[in-house]
Amino acid sequence: MEKTKNRWLIAASAVGIHLSIGSVYAWSVFTKPIQSKFGWDLTDISLTFSIAILFLGLSAAFLGHFVEKYGPRKAGILSSIFFGIGITGAGLAINLESLPLLYLFYGVLGGIGLGVGYITPVSTLVKWFPDRRGMATGLAIMGFGFAALISSPIMQSLIESVGLANTFFILGVSYFVIMILSSLYLEPPKEGWMPSGFKEKVSSGTTKLKQDLSQLTANEAVKTKRFYYLWIMLFINVTCGIAIISAASPLAQESVGLTPVAAAALVGVLGAFNGLGRIGWASVSDYLGRPNTYTIFFVIQVIAFPLLPHVSNPLLFQVLLALIYTCYGGGFAAIPAYIGDLFGTKQLGAIHGYVLTAWAAAGLAGPLFASWIRETTGSYTQSLTVFTALFAVALVVSLLIRLDIKKLREQQNQQGTELAS
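Because the structure is predicted, anything quoted here is derived from the model rather than measured.

(A) Here's a closer look at the pattern of salt bridges. Here the structure, examined in full by the defined rule, presents eight salt bridges. For Asp-131, the salt bridge identified is with Arg-7, shortest N-O distance 3.0 Å. Taken as a pair, Asp-131 in the loop between α5 (99–128) and α6 (133–162) and Arg-7 in helix α1 (residues 7–21) lie far apart in primary sequence, 124 residues in all. By relative accessible area, Asp-131 is classed as partly exposed at 24%. Accessibility expressed as a relative area gives 12% for Arg-7, which makes it buried. Between Glu-68 and Lys-127 there is a salt bridge; the shortest N-O distance is 3.9 Å.

(B) Layout of the nonpolar core. In this structure, Ile-34 and Trp-359 are the most contacted members of the largest nonpolar core, which totals 125 residues. Looking at which element gives the most residues to this core, the answer is helix α13 (residues 314–343), with 16 residues. Ignoring anything within four residues of it in the chain, the contact list for Ile-34 reads Trp-27, Gly-39, Trp-40, Ile-45, Ile-94, Leu-102 and Leu-164.

(C) Representation of helix α2 (residues 28–38). The complete set of buried residues in α2 reads Val-29, Phe-30, Thr-31, Ile-34 and Phe-38. Looking at the buried side of α2, the elements it contacts are α3 (42–62), α4 (64–95), α5, α6 and α7 (164–185). Positioned one or two residues after α2, Gly-39 has a phi angle of 75°, which is positive.

(D) Up close: a nonpolar patch on the surface. Where nonpolar side chains cluster on the molecular surface, the patch consists of Ile-81, Ile-85, Val-173, Phe-176, Val-177, Leu-181 and Leu-184 and spans about 600 Å² of accessible area. Put simply, the parts of the chain that give the nonpolar patch at least two residues each are α4 and α7. When residues in the nonpolar patch are grouped by element, the largest group, five residues, is from α7. Among the secondary structure elements, Phe-176 is positioned in helix α7. The class of Phe-176 is partly exposed, set by a relative accessible area of 34%.

What counts, and where the lines are drawn
Residues numbered from 1 in each chain as written. Predicted model: local features only at pLDDT ≥ 70, side-chain atom pairs only at ≥ 80, totals over all residues. Heavy atoms only, no water. Salt bridge = Lys/Arg side-chain N within 4 Å of Asp/Glu carboxyl O. Helix = DSSP H or I, 4+ residues; strand = E, 2+ residues; numbered from the N terminus. Buried < 20%, exposed > 50% of the residue type's maximum accessible area, 1.4 Å probe, protein only. Core = buried A, V, L, I, M, F, W, Y, C linked by side-chain atoms within 4.5 Å. Contact = heavy atoms within 4.5 Å. Patch = residues over 30% accessible without salt bridge, like charges linked within 9 Å, V, L, I, M, F, W, Y side chains within 5 Å. Areas by Shrake-Rupley, 256 points an atom, 1.4 Å probe, with all protein chains shown as cover.

Spelled out as structure tokens, the structure:
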């Protein structure tokens with residue numbers, strides 16, 4: 001009899017992959033050392049990160065079908081190879097003093113590894129945790145959110161002790177090993193598998209297994225309205241979230257008079273709320289339901305964003321920012337479970353990849369828009385007003401998707417009644 005793998009070790013493997021690829025959010029640690037060494041323009045150096053996020057979205061969209069066809073183990077190994085070569089190759093680019101090579105290795109190849117590595121364990125976890133979808137995906141994606149906090153001091157220490165190029169070499173090999181070992185344990189459960197305690201409860205009728213709204217392929221999913229509702233909600237949440245993250249330090253200095261040092265410390269602390277929001281909101285969504293959770297996200301932010309520039313109390317300002325950060329992180333973590341609820345698990349990885357194109361688009365749009373408004377008007381107030389309007393749109397969309405869900409549920413119930421009669 002074949003032994004079933006431990007689903008908590010599957011979850012730990014997912015966290016291992018996400019902790020590795022999530023280090024991309026610590027890119028800012030490299031910007032000043034690279035600028036000091038070569039004198040390259042800061043905008044050109046920062047473009048490396050933007051390219052990586054762009055290719056994250058593109059590879060997640062185009063390689064989602066690869067994940068479904070070949071399974072999480074092979075997809076995880078593919079991700080390990082691309083990400084490992086990308087980070088190690090960045091060290092080669094530093095030695096050769098080549099900015100285009102840095103774009104190619106860290107941005108393009110590393111970004112491809114990012115995209116495949118992001119969706120691979122998430123789609124698997126949803127299948128291993130039918131009883132707690134949100135919590136399981138939140139756990140992995142929390143690893144992505146916390147990765148920068150863990151890797152930043154390590155990167156800083158390595159740069160000071162072994163230099164820039166060697167830092168990339170050490171990190172590239174380390175991430176490759178962690179990701180390969182994590183990938184080798186990944187495996188989807190057998191069709192219809194349920195955890196033992198949960199299975200008994202479902203069999204006895206004490207717990208009702210919530211049926212997915214449908215079981216669609218990725219190509220079928222993109223033909224539905226609810227797919228675009230999800231895309232719009234994620235795009236708005238990420239666009240506004242990334243913009244506020246990229247402007248948090250100067251905004252804190254302008255609005256409540258924090259010193260540059262205090263504002264930088266605040267940004268670090270808020271990063272923890274980004275991570276906590278991922279596991280917190282995703283777990284809450286198992287009880288409140290994904291539609292309610294997303295509506296709450298947008299209600300909170302419709303109130304918080306316009307208040308930010310008018311709050312003079314530093315503590316209240318920081319509480320509002322912390323709330324915004326949790327909603328930003330929670331939006332990422334709850335989306336895979338929402339996809340499973342609406343489209344089933346048949347091709348969840350591929351559908352998740354398509355939805356993540358919203359992240360790629362938002363990664364480019366958010367910071368650029370916030371900077372443009374700041375330069376045009378001289379303050380962040382106007383951009384926050386525009387973001388409030390966008391959140392109002394997202395709030396409306398979160399209500400529209402409920403109508404679509406309700407309509408489909410009614411159709412399902414009607415079909416069930418006809419079959420029974």
